[in-house]
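Read off the chains here:
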Amino acid sequence: MDKIRLMAHLVAGFPDASGCRAAAEGLIEGGASYLEIQIPFSDPSADGPVIQSACAAALANGYSVSQALDFLESLHRDFPQVPLFVMAYASLVVTPGVEQFVHMMAQRGVMGLIVPDLPFDRDEGLAEACAHQGLVSIPVAAPSMRSERLERMAHLGRAYLYAALRTGITGTTTTIGEGTLQFLKACAAGGSKVLGGFGIRSHTQARAVAPLVHAVVAGSVFVETIQEAVEAHRVSRSASFKGSIEVRDTAIRENIRQKAQEITRGE
Amino acid sequence: MGEKGYFGPYGGRYVPEVLGRAIEEIEEAFEAACTDRAFQDELALLQRDFIGRPTPLLYAENSSRLLGGADIYIKMEGLAHTGAHKINNALGQALLAKRMGKTRVIAETGAGQHGLATAAACAKLGLSCTIYMGAVDVDRQQPNVATMELFGAQVVPVYAGSQTLKDAINEAFRDWAASFADTFYIIGSALGPAPYPDMVRTFQSVIGKEVKEQLASRGLEPEALVACVGGGSNAIGFFSPYLEAEKPRLIGVEAGGRGTSLGDHAARMTGEGARTGIVHGYKSRFLLTEEGQVAPTHSISAGLDYPGIGPQLAALGRSGRLEFRRASDEEALEALTFFARHEGVVFALESAHAGAVAINLARSLPKGKVVVVNMSGRGDKDLFITAPYFRPAAWAAFLERELAALRAHPSGIAPPPSSGTGLENARGVAHSTTSKLISSPTSREVHHG
Ligand SMILES: Cc1ncc(COP(=O)(O)O)c(C=O)c1O
């Protein structure tokens, strides 16, 4: 069977700095073509419970944006072949200043930004700043959009377009129907590479979507996999015994690798 | 006023595309309703008979005499049905929801007053109602939770984040993203993505219009109008007829809480950590960390501790038309006592912040000047916060007695509910007892947990 191109979503700082590094490695080993790193925000209003609680856990642990920048930098250094996208909410982008935020990302080798609450026609200069500094800003399309608006978005000339496969939040299951097909066609109409996801957790789903998109996106399923590994090893975020952290991180990497393979190859 | 949906640099509609359609639909429906005679007539009738409008404008004669300066007048919004100005907006939006053919309403609430108002409006109009409320707020506003359930609403406690209003808003957005085909989201203050700030101001402007007429009929010219500012709905409604004029002075009062450091107050215009940002779908002033995380807030009043402020008020503050002050927890309690003692009026803790500033202002102004303070709500709901403060021992004894009685007769006079106590119900553990006992056409199963 052909390998499916996967964009894997990960919450920076979850379960902690070393654990999320292990998860990123597992994703890359498991065949992820792209990584989408979410910077934890206090009010992730477009995310489902799984990602929301991962963000909250990272923040409760004191994880900061500057730690996320370090994480991105080290990933890019060690895996320069894997494109890194960053997902963040508007508040994290506009508070330091859009230009400044994009600059920080450019310096760490980030390729693109996804900011769901900065719609493409009201993005506070995000796309322009990205274009200036050699990044792509990736708009997010939803099936409920008016067709004229979707058409406008599809023809912005962006390298990538993110397609949320159904209305609602991340994390619940999605069925792929005739409507989905039409929607994805409309997304691709302007020549952008379409990244499609929301609720993908199995190979069967990924297979159904793969022919219609450039890459399939999955996220909550990996957060859950990390959570399971953490729980199995009962190492809390505050564990001080280094050896146990290493054992746990190995488990995270291994479980994530398997899950990514399962989604991309059905193995 | 500049670009549509903006107030100077603030406002806008910063929402994920998934919510774009839902908001466009509301914008169209709201614009149509504004010029629809039948809608306006129905609203006016309900305002009169259901809300009890107009609310009185009370001359605080004793207080004014004691303070020795300007005359204080109190706009008695607390006499509106359900005890606060929130009903003006909740009813307006619920009526709009009905006009749009929606069958279900969701709302978020902090103090519980907006939830209460929404639940009442939904009961009146036959709409199903789900209220999101931070778990901390559920704990401190039990009387309102109980009443919301009595109105048939499902109260869903939110355990995420700081477990207060901002987290309830996130949860409402999540629900809405999946449910807007049949569901209308009633936002409780003059904030959120456009057109909410305009819509909320429009429905709340009834306060200011009445004040203007009531003053005119007594031949009075106000020197200053004072209102508390949580999100800013009572303030913007109260100020609305005067925004374009140069007088009177318009004063918004934020929660000064227990101190000036970030985390101890909710002063988005005057406090430490106040920055321009984009949160919850609009651009305004928020209490944020340097990185842009939403900062914790504190106020003795659940209705004032939201980390953002309505964009129009932020713009008016920036342009200088609006003055911002703060009142501390202590000052609010003092003002509450003062008006209770001398006027026989118990302010809501939120409104008492405005009361505190009105007292200082009246003192500093000469006799004959008029200061109008908006009592946005009355204080019944706060008894569980204020009574322990004013009479701790007696209150503790009362609660212990009540608890003992409840344990002895868990069900009161009603048939015993199948599981748990009323308290568990209020926390959303079990579904509302009332809807188990009486199956009403509007009661429905848990839609979203
Ligand atoms: C009585 C009362 N006043 C004021 C407020 C603050 O809200 P706003 O600033 O929107 O009027 C609330 C909010 O719950 C309230 O219950």
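In this text the structure is predicted, and so the values were computed from the model without any measurement. (Residues numbered from 1 in each chain as written. Chains lettered and ligands numbered in written order. Predicted model: local features only at pLDDT ≥ 70, side-chain atom pairs only at ≥ 80, totals over all residues. Heavy atoms only, no water.)

(A) Region of interest: the overall build of chain A. A tally of regular secondary structure across chain A gives eleven helices and nine strands. Seen through its C-alpha atoms, chain A measures out along the principal axes to roughly 55 × 45 × 30 Å. For chain A, buried positions account for 61% of its 267 residues. Within chain A, contacts between residues separated by at least 24 positions form 73% of all contacts whose residues are at least 6 apart in sequence. Total accessible area on chain A is roughly 10100 Å²; 50% of this is exposed by carbon and sulfur atoms. If the 23 positive side-chain charges of chain A are averaged to one point and the 27 negative ones to another, these points end up 3 Å apart. (Helix = DSSP H or I, 4+ residues; strand = E, 2+ residues; numbered from the N terminus. Buried < 20%, exposed > 50% of the residue type's maximum accessible area, 1.4 Å probe, protein only. Contact = heavy atoms within 4.5 Å. Areas by Shrake-Rupley, 256 points an atom, 1.4 Å probe, with all protein chains shown as cover. Lys, Arg positive; Asp, Glu negative; His and termini not counted. Charge placed at Lys NZ, Arg CZ, Asp CG, Glu CD.)

(B) Focus on the sheet that holds strand 4 (residues 71-76) of chain B. All names here are of chain B. Reading across from one edge, 3-4-14-9-10-13 is the order of the six strands in this open sheet, with mixed pairing throughout. The sheet is open, and its two edges are formed by strand 3 (57-59) and strand 13 (322-328), each paired on a single side. Strand after strand, the sheet turns through a mean of 25 degrees between neighbouring axes, direction not considered. Where strand 3 lies against strand 4, three bridges are found, and the strand directions are antiparallel. Bridge pairing in strand 4 links Tyr59 to Tyr73. The strands touched by helix 13 (residues 349-364) are strand 4, strand 9 (224-228), strand 10 (249-257), strand 13 and strand 14 (370-375); relative to strand 9, the strand with the most contacts, the crossing angle is about 150 degrees. (Pairing = 2+ DSSP bridges. Axes fitted to C-alpha atoms, helices over the stretch in contact; angles between N-to-C directions.)

(C) Structural context of the site of the ligand. All names here are of chain B. Neighbouring residues of the ligand: 19 residues in total, closest Ser189, Gly230, Gly232, Ser233 and Ser376. Separating an oxygen atom of the ligand from a side-chain N or O atom of Lys86 is a distance of 3.1 Å. Contact distances for the ligand include 3.2 Å between an oxygen atom and a backbone N or O atom of Gly231. Coverage of the ligand by the protein chains reaches 97% of its 390 Å² of free accessible surface. For the ligand, the cavity whose grid points lie within 2 Å of the majority of its atoms is the second largest cavity. Its residues placed into classes, the shell around the ligand shows six nonpolar, eleven polar and two charged. (Near = heavy atom within 4 Å. Polar contact = N/O pair within 3.5 Å; in protein donor to acceptor, adjacent residues only side chain to side chain. 1 Å grid on protein atoms, 1.4 Å probe; cavity = no way out; pocket = protein on both sides within 12 Å on 5 of 7 lines; lining within 4 Å. Sits in = over half its atoms within 2 Å of the grid points. Nonpolar A, V, L, I, M, F, W, Y, C, P; charged D, E, K, R; others polar.)

(D) Broad picture of the packing of helix 2 (residues 49-60) of chain A against helix 10 (residues 220-233) of chain A. Residues and elements named next belong to chain A. The interhelical angle for the contact between helix 2 and helix 10, taken along N-to-C directions, is 55 degrees, at an axis separation of 9 Å. In terms of orientation, helix 2 and helix 10 fall into the oblique class. Between helix 2 and helix 10 the crossing geometry is left-handed. Counted together, Val50, Ile51, Ser53 and Ala54 of helix 2 and Ser220, Val223, Glu224 and Gln227 of helix 10 form the full contact between these two elements. The class makeup of the residues in the contact of helix 2 with helix 10 is four nonpolar, three polar and one charged. (Parallel < 35°, antiparallel > 145°, perpendicular 65-115°, else oblique. Left-handed = near helix turned anticlockwise from the far one by under 90°.)

(E) Up close: the interface of chain B and chain A. Listed by partner, the interface residues are 34 residues for chain B and 36 residues for chain A. Across the chain B to chain A interface the summed buried area is about 2700 Å²; carbon plus sulfur atoms make up 50%. Its largest share of buried area at the contact with chain A, chain B owes to Glu17, Arg174 and Glu291 of chain B, together 28% of the area lost on that side. Our count for the chain B to chain A interface comes out at six salt bridges. The salt bridge partner of Glu28 of chain B is Arg146 of chain A, with a shortest N-O separation of 2.8 Å. Applying the counting rule to chain B against chain A returns 19 residue pairs in polar contact (both at pLDDT 80 or more). Of all the secondary-structure elements, those providing two or more residues to the side of chain B that touches chain A are helix 1 (17-34), helix 8 (165-179) and strand 11 (274-279) of chain B. Of the residues forming the side of chain B that touches chain A, the biggest block, eight residues, is contributed by helix 8 of chain B. (Buried area = accessible area lost by both parts, 1.4 Å probe. Salt bridge = Lys/Arg side-chain N within 4 Å of Asp/Glu carboxyl O.)

(F) Seen up close, the pattern of salt bridges. Residues and elements named next belong to chain A. In total, this model carries 41 salt bridges over all chains according to the counting rule given. Put simply, Arg149 and Asp121 hold a salt bridge, and the shortest N to O gap is 2.8 Å. Within this pair, whereas Arg149 is found in helix 7 (residues 147-154), its partner Asp121 is found in the loop between strand 4 (112-114) and helix 6 (126-132), the two being separated by 28 residues in sequence. A relative accessible area of 14% places Arg149 in the buried class. Among the residues examined, Asp121 registers a relative accessible area of 36% and is labelled partly exposed.

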